[in-house]
Amino acid sequence: MTRPAPTDGRHARRNASREKITRAFLEFVREGVNEPGAQSVAERAGVSVRTVFRCFEDMEALYQELSAAVRAEFLPRAVLDLNTADRMERLKRLVANRVSMFGEMEPYRLAAEDYRGRYETFEDDYHFLIAKERERLEIAINPDGALSTELFDALTSVTGFGYWRRLRFDLDLTRAGAARVMEMSACAILDTLDRIPPVEDEGGVR
């Protein structure tokens, strides 16, 4: 019988410590503490500060776990039921899907935006999420290119997290209030068309 190498145990312990540290850090962010120090993270994780920096080269490396968490948890939830050719109905479904996520994403994305000016990876991640929002919007309501560029850009602006942040924190709306305003804004823009053509695509869940 082959005995496991001693390094296997160390590797497992390191992975376990890394998971505890990441979980502790994300808990702080969820509570609104955007930049918890290594000492605070270590105490909550039940490890030493030295262990934190054995698992993560520096605090930036730990903060990057935030981006990974957002992508892992929320991107799979952006899938929509597009089994209708009604463009307005698709828009309402997209907005409903987004507001269900945006409320939960608030602490993570606000923290990540705080890091943008200091860490290039967060600047890249910010633009990735913006591009992903636009891509999903196009799949949902403009796969056939029936909407003008200006109208599509307007819809992009009022269905993204940036607009949600303005409603929630600049205008101090509740989540329910922000959701209603986002839907009203998006539907009003689409309704500027004299006739809203049905979507021409294969539909399905995407």
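To be clear, the structure that these remarks concern was listed above.
An account of the accompanying structure is given in this report. (Residues numbered from 1 in each chain as written. Predicted model: local features only at pLDDT ≥ 70, side-chain atom pairs only at ≥ 80, totals over all residues. Heavy atoms only, no water.)

**Topic: the pattern of salt bridges**
This structure, assessed with the given rule, holds 19 salt bridges. Here R134 makes a salt bridge to D153, at a shortest N to O gap of 2.8 Å. Here the residue R134 occupies a position in helix α6 (residues 120-141), and D153 occupies one in helix α7 (residues 149-159), the gap between them amounting to 19 residues. With relative accessibility at 33%, the residue R134 sits in the partly exposed group. One connected set of salt bridges, linked through shared partners, spans E27, E31 and R44. (Salt bridge = Lys/Arg side-chain N within 4 Å of Asp/Glu carboxyl O. Helix = DSSP H or I, 4+ residues; strand = E, 2+ residues; numbered from the N terminus. Buried < 20%, exposed > 50% of the residue type's maximum accessible area, 1.4 Å probe, protein only.)

**What about the layout of surface pockets?**
Here the largest pocket is characterised by a volume of approximately 160 Å³. Lining of the largest pocket is provided by R10, R13, R14, S17, T51, R54 and C55. Secondary structure elements with two or more residues in the lining of the largest pocket: α1 (6-30) and α3 (49-55). Examining the composition of the lining of the largest pocket, we find that four residues originate from one element, α1, more than from any other. Residues belonging to the lining of the largest pocket are distributed by class as follows: one nonpolar, two polar and four charged. (1 Å grid on protein atoms, 1.4 Å probe; cavity = no way out; pocket = protein on both sides within 12 Å on 5 of 7 lines; lining within 4 Å. Points joined across faces, edges and corners; volume = space filled by probe spheres on them. Nonpolar A, V, L, I, M, F, W, Y, C, P; charged D, E, K, R; others polar.)

**Overview of the nonpolar core**
I21, F25, L66, L91, Y115, L155 and M182 are the most contacted members of the largest nonpolar core, which totals 58 residues. When residues no more than four places from it in sequence are discounted, the contact partners of Y115 are F25, N34, E35, Y63, L66 and F122. (Core = buried A, V, L, I, M, F, W, Y, C linked by side-chain atoms within 4.5 Å. Contact = heavy atoms within 4.5 Å.)

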